[in-house]
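Structural overview
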Amino acid sequence: MAFYKGINDYPPGSDAPGQRGWIADGLLRLRAAMAVQITDLRRPDSLVIGSWNIRAFDGGRSRLDESYHFIAEIIDHFDICAVQEIKPDLGPLKRLMVLLGDNWDYFVTDVTSGDAGNDERMAFLYNRNKVTFRNLIGEIVLPREALIEGEQIARSPFFASFQAGWFRFTLCTAHIRFGDDLGLRAREISALASTLTARAKKEGEVYVLLGDMNIESSEDETMAALKEAGMFVPDFGATNLGGDKLFDHIAFSGEGTETRLLRKGKFDWRGTVFRPEDMAAYEKIAMDIRSKPDTGKPYANWPSSYPGWTTHEMSDHLPIWIEIEVDYSDEYLAGIKSSG
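As the structure is a prediction and not an experimental result, all values here were calculated from the model.

Thresholds, definitions, all that
The residue numbering used here restarts from 1 in each chain and proceeds along that chain's sequence as written. Local features in this predicted model are restricted to residues whose pLDDT is 70 or higher, and side-chain atom pairs enter the listing and the counts only when it is 80 or higher, whereas totals over whole chains, interfaces and linings include all residues. Side-chain calculation: all heavy atoms of the structure are included, whereas hydrogens and water are not. Secondary structure elements are defined from DSSP: runs of H or I of at least 4 residues count as helices, runs of E of at least 2 residues count as strands, and each element is numbered from the N terminus. As a reference, a globule follows 2.2 Å times the number of residues to the power 0.38, and the radius of gyration itself is taken over C-alpha atoms. Burial classes: relative accessible area under 20% of the type maximum marks a residue as buried, over 50% as exposed, and values in between as partly exposed (1.4 Å probe, protein chains only). Whether two residues are in contact is decided by their heavy atoms: any pair within 4.5 Å suffices. Note on pairing: DSSP must find at least two bridges between two strands before they are called paired. Should a side-chain nitrogen of Lys or Arg be within 4 Å of a carboxyl oxygen of Asp or Glu, the pair is scored as a salt bridge. In these notes, a set of buried Ala, Val, Leu, Ile, Met, Phe, Trp, Tyr and Cys residues joined through side-chain atoms within 4.5 Å is what counts as a nonpolar core. Only C-alpha atoms enter the line fits that serve as axes; for helices the fit covers just the stretch in contact. Angles between N-to-C directions range over 0 to 180 degrees. For classification, angles of less than 35 degrees are called roughly parallel, those exceeding 145 degrees roughly antiparallel, those between 65 and 115 degrees roughly perpendicular, and all remaining angles oblique. Left-handed describes a crossing in which the near helix is turned anticlockwise from the far one by less than a right angle; the clockwise case is right-handed. Three classes are used, and their members are as follows: Ala, Val, Leu, Ile, Met, Phe, Trp, Tyr, Cys and Pro are nonpolar, Asp, Glu, Lys and Arg are charged, and the others, Gly among them, are polar. Disulfides are defined as pairs of cysteine sulfur atoms found within 2.5 Å of each other.

1. Looking at the overall build of the protein chain
Within the protein chain, the secondary structure is distributed over 7 helices and 11 strands. Relative to the 2.2 N^0.38 estimate, which gives 20 Å for 340 residues, the radius of gyration of the protein chain is 20 Å and therefore close to what a compact globule would have. The dimensions of the protein chain, computed from C-alpha atoms along their principal axes, are 70 × 50 × 35 Å. Residue burial in the protein chain is summarised as follows: out of 340 residues, 53% are buried. Counted over contacts in the protein chain with a minimum sequence separation of 6, partners at least 24 positions apart contribute 72%.

Here is the structure:
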């Protein structure tokens, strides 16, 4: 459970951002909404895997205190979560981990430099009460024959192996390059997904590919590249705040016998925190930030830019999740019985 005691250190009151009552009220709305979507419906023998591109976390655009609490609350409803777009300074990530509590742990990559890398890291955050790390971790390195225009994938995909109950699995998180060349995006996706599918078949283990694939639509070559690699690709619909791009995905091998998808979803936090109706309350904060242009905050067009200004507090992506079955003990024992 996310850690709440520190909220008492904020000023009293519930009428304005930054006050303890305001933050607690937002957390209560988040908890209620996520209970309806995840907690109240999940099975006891399941695993909830999440993925979230948290925009430029934090990258010089320091978030408000309450944003950290709200982000932690969302992640705490997953058992394990892949996070993309973590920036070089690890201070914000460490602050987030404190809010998640002692039962949470994390792994994070080095910075991928260069224009395509965008000085980003990727991470896995996981609840040790639900998930065990299996001591295998690394980056996907393509063989020479699979290189893309002679190069590796721009932002090196990051994988780690875990176990939950009877379920042994490897997660691979990616942030596929962005740009006008959809063909280049498709080649990155194809090379990565095909590599994971081959590994899954060879090792007899479930591989889960998750993250920001920068897929524009269900009809273009980027989506085709993901599906043609042989992975099962649940449909999450649009995951950008504009509601028209299928950027984020959780795809996996072994749908059916090895991996049983129970439920899936995306969580739109705009109905609970940083809501359109909250804009007036944040206006003074926005005006103060506008007087300091070196902060990089996107408040120049206040208040007409919703949801633009909220994306630097939460994200310009919606978090997505799947619930899968992890207890196959009855079937295992039945197999032993049938074999004599």
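That covers the picture; the talk isn't over yet.
2. Some details on the pairing of strand S7 (residues 167–175)
With 8 of 9 residues buried, S7 is to be regarded as a mostly interior element. As paired strands, strand S6 (residues 158–164) and S7 are joined by 7 bridges and run antiparallel to one another. For Ser161, the partnering residue across the bridge sits in S7 and is Thr170. Connecting S6 to the antiparallel partner S7 that follows it, the hairpin turn spans 2 residues, and Gly165 within it adopts a positive phi of roughly 60°.

3. Digging into the pattern of salt bridges
Two side chains that carry opposite charge are able to pair once their charged atoms sit near each other. For the structure on display, the rule yields 21 salt bridges. We note a salt bridge from Arg43 to Asp45, for which the minimum N-O separation is 3.0 Å. Arg275 serves as the salt-bridge partner of Glu277, at 3.6 Å between the closest nitrogen and oxygen. We classify Glu277 as exposed; its relative accessible area is 56%. Assessed through its relative accessible area of 17%, Arg275 is described here as buried. Counted as one network, the salt bridges with shared partners bring together Arg43, Asp45, Arg260 and Glu325.

4. Overview of the environment of Asn127
Structurally, Asn127 is set in strand S4 (residues 121–127). Residue classification places Asn127 among the buried positions, given a relative accessible area of 7%. When the C-alpha positions of Asn127 and Trp104 are compared, they lie 4.5 Å apart, and in sequence the two are 23 residues distant.

5. Overview of helix H2 (residues 65–75)
Here H2 lies mainly inside the structure; 10 of its 11 residues are buried. Where H2 is concerned, the buried positions are Glu66, Ser67, Tyr68, His69, Phe70, Ile71, Ala72, Glu73, Ile74 and Ile75.

6. A look at the nonpolar core
Counting residues in each nonpolar core, the largest one holds 42 residues, and the members touching the most others are Ile75, Leu125 and Trp269. Those elements giving two or more residues to this core turn out to be helix H1 (20–39), strand S1 (46–57), H2, strand S2 (80–86), helix H3 (91–100), S4 and helix H6 (279–290). When sequence neighbours within four positions are dropped, the list of residues in contact with Ile75 reads Trp52, Ile54, Cys81, Val83, Leu96, Leu100, Trp104 and Leu125.

7. Quick notes on the packing of H2 against H3
Two elements in contact, H2 and H3, have axes separated by 9 Å at closest approach and are oriented at 60°. Taken as axis vectors, H2 and H3 run oblique relative to one another. When the axes of H2 and H3 are compared, the crossing they make is right-handed. Contacts from Asp65, Tyr68, His69, Ile71, Ala72 and Ile75 in H2 reach Pro92, Arg95, Leu96, Leu99 and Leu100 in H3. For the contact of H2 with H3, a count of residues per class yields 8 nonpolar, 1 polar and 2 charged.

8. Let's talk about the sheet that holds strand S3 (residues 104–108)
Either a parallel or an antiparallel arrangement is found when strands of a sheet pair, and the pairing is made through backbone hydrogen bonds. The sheet built from 6 strands is open, its strands ordered S3-S4-S2-S1-S11-S10 with mixed pairing. Both edges of this open sheet fall to S3 and strand S10 (261–266), since each of them pairs with a single strand only. Along the sheet, successive strands turn relative to each other by an average axial angle of 15°, direction set aside. Bridge count between S3 and S4: 5 bridges; the pairing is antiparallel. Across the sheet, the residue bridging to Val108 is Ala123, located in S4. The strands touched by H3 are S1, S2, S3 and S4; relative to S3, the strand with the most contacts, the crossing angle is about 160°.

9. Some details on the side chain of Thr109
Its place among the elements puts Thr109 in the loop between S3 and S4. Apart from the residues within four sequence positions on either side, Thr109 is in contact with Arg121, Met122, Glu139 and Phe158.

10. Structural notes on the packing of helix H4 (residues 182–203) against helix H5 (residues 221–228)
Closest axis-to-axis distance for the H4/H5 pair is 8 Å, and the angle between their directions is 10°. With respect to H5, the axis of H4 lies roughly parallel. Residues Leu182, Gly183, Arg185, Ala186, Ile189, Ser190 and Ala193 of H4 form the contact with H5, whose participating residues are Glu221, Thr222, Ala225 and Leu226. Its residues assigned to classes, the contact of H4 with H5 comprises 6 nonpolar, 3 polar and 2 charged.

11. Points about the state of the cysteines
Inspection of every chain in the model, using the stated rule, returns 0 disulfides. Between Cys81, a cysteine without a disulfide, and Cys172, which holds the nearest cysteine sulfur, the sulfur-to-sulfur distance is 15 Å. Cys172 sits in the buried class, given a relative accessible area of 0%.

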